[in-house]
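Below, each chain spelled out in residue letters.
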Amino acid sequence: MTNRMETRHHDSSHDAAGARLAPPRGAPRFIAREPLMSRLAEARRRRCIVISGPAGSGKTSLLAAWRQVLVPLGFDIAWLTVTPEDNDVSRFLDALVAGFAQVDGGIVREAALLGGDRNDNDAIERLIVSLVRGIAAHPRELVLVLDDLHHLTHPDILAALDWLLDYAPPNLHLALSSRGTVRLALERLRAQGHTLDIGLRELRFSLQETEDFLKTQVGELDPRTTRMIHELTDGWIAGLQLLCVEWKKKYPAGAPPAGDAFNHVPIRDAQGFARYFEAEVLSQLSPEALETLTCLAPCRRFNAALCAAISGHLAPAAMALLVRLEADDLFVVAMDGGEPDTWYRLHPLLRETLLRRFALLAPARQRDVHARAGAWFRDRGLIDDAVRHAVQAGEEDRAADLVEQRAVSLFSRGERRHLISLLRQLPDEQINKRFGLRLWMARSQLYQRELDACEQTVDGMERDVGGGDAGQRFNIAMLRAALAVQRDDTDSALVLLPDILQAPPDADALALGGRDNLLTWLYMHRGEYEKARQVQTSAARQMVDGVPLTSTVGGTLHGRCLVGLSHALEGHMTLAERTYRAVIAEAEQGGKACAETYYFAIALLGDVLYELNDTHAARMLLEDKLEVLERMSIPDAVLRALRLLWSAHWLAGNRLEAFAYMDRLEDYALRYGLDRLLAYSLADQVQFRLIGGELMAAEAQLERLEALDARHPGATHSALGEISDVTERARIQVATIHGDLDGAAARTAALVERCEARGRQRFAASLLLKSAVLDARRGKTATAREKAIEALRRGHRLGLMRTLLDADLHSRKLIAEVAQNEKLDPVLAFYVERLQSSQVAPLATEPGEGRASAMVGIEALREREIEVLRLLAQAMPNKKIARALGLSPETVKWHLSRIYGKLQVAGRDEAVCRARDLGLGG
């Protein structure tokens, strides 16, 4: 991840993707205009400054001058000059994160871990929220400058910027420049007086300012000439600069001969600029210089070496040409980049003019220019420009080769959006005829959880491959197995085990590393934990670009996380915790390349913390990461996180919050068709409804659970076998409530044997203590104590706490009786003391206990929850609230559940009353 910058006031410079993260060096110097600068200085505390006007009206130079005022005052500046290519969601978000990272790496610490996430609205909002959190923690005022904002028209990008404005902390300010109306929702900020708008009227030079400017450029002029120039340009700064350049060329002595004056068409806008430039500037260039500039126009940036490659001149001559053109001001601008070679760009208006000239060249000449540029960028590893020019040169095969060659490197570094952007530049026929490109497309879809699209891609690949190449069949098998894991269908993945084991020698590092991790996962779910660990210890080290592959779910870091999970499944919690913490520390350093592993390890660590009875820490670790987990992690991690959260909230007395998380898991399971996760949600709802005395509700959920179990007969030895286990546990709980203790005891004994046979030691220990409680209630005291002691021995050996405490409402009482009446060895006695000294489990309390008596205020609600509550107070149904806020109905339902819990109300009507009490209207 990006290290925190040591400089106190930092101006960002550039990023690897070529986005401009600083004002262009050599940009026209802003003329001191006291009224404007005074307004800007006074507005430095406003949330947003908007500067709009035509090209060449001085917007950028005004912002640059304002920056010089802010930096000495302690402001940090993040500057992004937007280009047409940035009107791509992935590219813009990457540039935005890079801009903030240049100021302070700590700002983007969380955002960097989201780099491989999807680009739907929810994912974009999460990224913005993570940036807002980082900015809020930044110790100084921060200004984000977005220059040339008019290039951004994509609705998702505009939505991201609207969120940034809505959620902005007090220390964030935005400065926006655009050629036209800014397409952001600024009405509320304007109504609150939080914006400063500067338009063409303010940007245009007055006659006096024109006179002052001309004095600095060409010396004293008579009033008539000054007025004529002012009228020609209408105070347009770029036009004034152009005329001054031309004046110096035509009248080096300083004044024109009598009767010779500027009788040109008015230069008041971009079209006037183009006409003037064609007639008065380009026509004065040598044919060689004009052709060189014309051929450079398709390039977003260039240096002397690229200029030489395109024009055919020697590098020194090309450099001399660029230096001379830059010295003429305005037309060719040097860029800040921190690179040894000076990079240049054309002034946007000049580039538009030259691109029209370029379009008139013979098609063969255009292709030759693109081919030369593409080859030059390719040889220097600048893949974006290389692919773009190769496609425009008609060299689609070469462009596809470039993408295939760089795909492994990009993917392993977490640059999946970058890879997808490159794939989208290629013609569809190129992707469809290349198995390798389709493989990368499918992998990208898989990691973005576009599972249906991925399956369609894999189906097409399999149809075209048939029974041919073994390597291709292996990759298809890997994709299908990975899809099965993402869908929590371990049975289907196990069917593919023979194909996965037959890895061809030429398989790439990601495929081989992914194979090892997938095997570890499958062996664990068969209860073969030692075999699962042996896969990792015996795996060959996979290399990408000469570096060991640690990132992505195919890397060794993810493999270590799975090893920790194998220990946890056996109940070795301390060992698992140590493994997870080490993985998390390394994944944080790896940034977005390790994002999946980081969130997976976070979910698993939370599970361990809960087990060790540190329930508050587990809840704090996971609560604000849940949305990302649902998007980025496999269903098993989501299951662990949600079960942990509702149990932790129940223990804290937050009943409504607990049920909200159960509902959330049920919604998640139904949305993706995940029967195992749905079974856990229903089974836990049975348990908690019984604790709350809601027998009919519990039995209704049990009926749903039994119907679900009936859909998976004979699944005892797979992950889906857990459905049968949790269903049986729910039957035991209901039978106990009905007083059928003998039936419950018989079911429990059988279930203990089944779990022990499958290696589910943690679940078996819990059931064994449950069996002991049932024996005690049936009067079998001796047997109950024997089973309880055995359960305690297992719990001590496995490092269990909550598993035993949550086994039954009466487990604590039985443990106390054993401690009082049995002579335990000192180590086991100390373990029992630890269990007894843990906080009293609210699982044994009545539903109303633990509820706070004080009314919760609005400060307990998050900003989004306040918005939902305000609309709820207006009697809006969920669907209308969802449309108003741009959310899904499921997300609104989730927010309402949390609101009910925080406000301690039972439903909508009470929530509306509380909203009105809190002053949220109605």
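Everything discussed here concerns the structure shown above.
These notes cover the structure that comes with them.

1. Let's talk about the overall build of the protein chain
Move 1: In terms of helices and strands, the protein chain carries 48 helices and 9 strands.
Move 2: Relative to its full complement of 922 residues, the protein chain shows a buried share of 59%.
Move 3: Within the structure as shown, the protein chain displays about 37,300 Å² of accessible surface, and the carbon and sulfur contribution to it stands at 51%.

2. With respect to the packing of aromatic side chains
Move 1: Under the counting rule described, the total for this entry stands at 10 aromatic pairs.
Move 2: Three or more aromatic residues joined by ring pairs form one cluster here, namely W343, W376 and F377.
Move 3: Sitting above the plane of the Y447 ring, R416 keeps its charged end 5.0 Å from the centroid.
Move 4: Across the ring face of W440, the terminal group of R443 is positioned such that the distance to the ring centre comes to 4.5 Å.

3. Observations regarding the side chain of D607
Move 1: As for its position among the elements, D607 is in helix α31 (residues 595-611).
Move 2: Judged by its relative accessible area of 12%, D607 falls in the buried class.
Move 3: With near-sequence residues (within four places) excluded, D607 lies in contact with R640, L644 and R762.

4. Let's talk about the nonpolar core
Move 1: Core analysis: the biggest nonpolar cluster contains 117 residues, and W521, Y580, F600 and L792 have the highest contact counts within it.
Move 2: A total of 12 residues in this core trace back to one element, the largest contributor, which is α31.
Move 3: Setting aside residues up to four positions removed in sequence, W521 forms contacts with V485, T490, L562, L565, F600, I634 and D636.
Move 4: Counting residues in each nonpolar core, the second largest holds 54 residues, with L296, A297, L346 and I383 among its members.

5. Examining the packing of helix α3 (residues 89-103) against helix α5 (residues 121-137)
Move 1: Relative to each other, α3 and α5 sit at 10 degrees, their axes nearing to 12 Å. By the angle between their axes, α3 is roughly parallel relative to α5. Along its contact with α3, which presents V89, L93, L96, V97 and F100, the element α5 presents I124, L127, I128, L131 and I135.
Move 2: Looking at side-chain class alone, the contact of α3 with α5 contains 10 nonpolar, no polar and no charged residues.

6. With respect to helix α17 (residues 363-379)
Along an α-helix, a turn takes 3.6 residues, which lines up residues three or four apart on a common side.
Move 1: Between its terminal C-alpha atoms α17 stretches 24 Å, which fits the 24 Å expected from 17 residues at 1.5 Å a residue.
Move 2: Turning to α17, its buried residues number three or more, namely V369, H370, A371, A373, G374, A375, W376 and F377.

7. Quick word on empty space enclosed by the protein
Move 1: With the rule as written, the count across this model stands at 8 cavities of 30 Å³ or more.
Move 2: Approximately 520 Å³ is the volume found for the largest cavity.
Move 3: Elements with a minimum of two residues in the lining of the largest cavity: α22 (435-447), α24 (470-486), α27 (509-525), α29 (556-570) and α31.
Move 4: When the residues that make up the lining of the largest cavity are grouped by side-chain class, the tally is 17 nonpolar, 8 polar and 3 charged.

8. Structural notes on the sheet that holds strand β5 (residues 195-198)
Move 1: The 5 strands lie next to each other as β2-β3-β4-β1-β5, forming an open sheet whose pairing is parallel. Among the strands making up the open sheet, the edge pair consists of β2 (76-81) and β5. For this sheet the average axis-to-axis angle between neighbouring strands, irrespective of direction, equals 10 degrees.
Move 2: Sheet analysis places strand β1 (residues 48-52) next to strand β4 (residues 172-178), joined by 5 bridges and oriented parallel. Considered in β4, the bridge of C48 is made with L174.
Move 3: Together, β1, β3 (142-147) and β4 form the strand contacts of helix α6 (residues 155-167), whose direction differs from that of β4 by roughly 145 degrees.

What counts, and where the lines are drawn
- Residues numbered from 1 in each chain as written.
- Predicted model: local features only at pLDDT ≥ 70, side-chain atom pairs only at ≥ 80, totals over all residues.
- Heavy atoms only, no water.
- Helix = DSSP H or I, 4+ residues; strand = E, 2+ residues; numbered from the N terminus.
- Buried < 20%, exposed > 50% of the residue type's maximum accessible area, 1.4 Å probe, protein only.
- Areas by Shrake-Rupley, 256 points an atom, 1.4 Å probe, with all protein chains shown as cover.
- Phe/Tyr/Trp six-rings, centres within 6.5 Å; stacked < 30°, edge-to-face > 60°.
- Lys NZ or Arg CZ within 6 Å of the ring centre and 35° of its normal.
- Contact = heavy atoms within 4.5 Å.
- Core = buried A, V, L, I, M, F, W, Y, C linked by side-chain atoms within 4.5 Å.
- Axes fitted to C-alpha atoms, helices over the stretch in contact; angles between N-to-C directions.
- Parallel < 35°, antiparallel > 145°, perpendicular 65-115°, else oblique.
- Nonpolar A, V, L, I, M, F, W, Y, C, P; charged D, E, K, R; others polar.
- Expected span 1.5 Å × (residues − 1).
- 1 Å grid on protein atoms, 1.4 Å probe; cavity = no way out; pocket = protein on both sides within 12 Å on 5 of 7 lines; lining within 4 Å.
- Points joined across faces, edges and corners; volume = space filled by probe spheres on them.
- Pairing = 2+ DSSP bridges.

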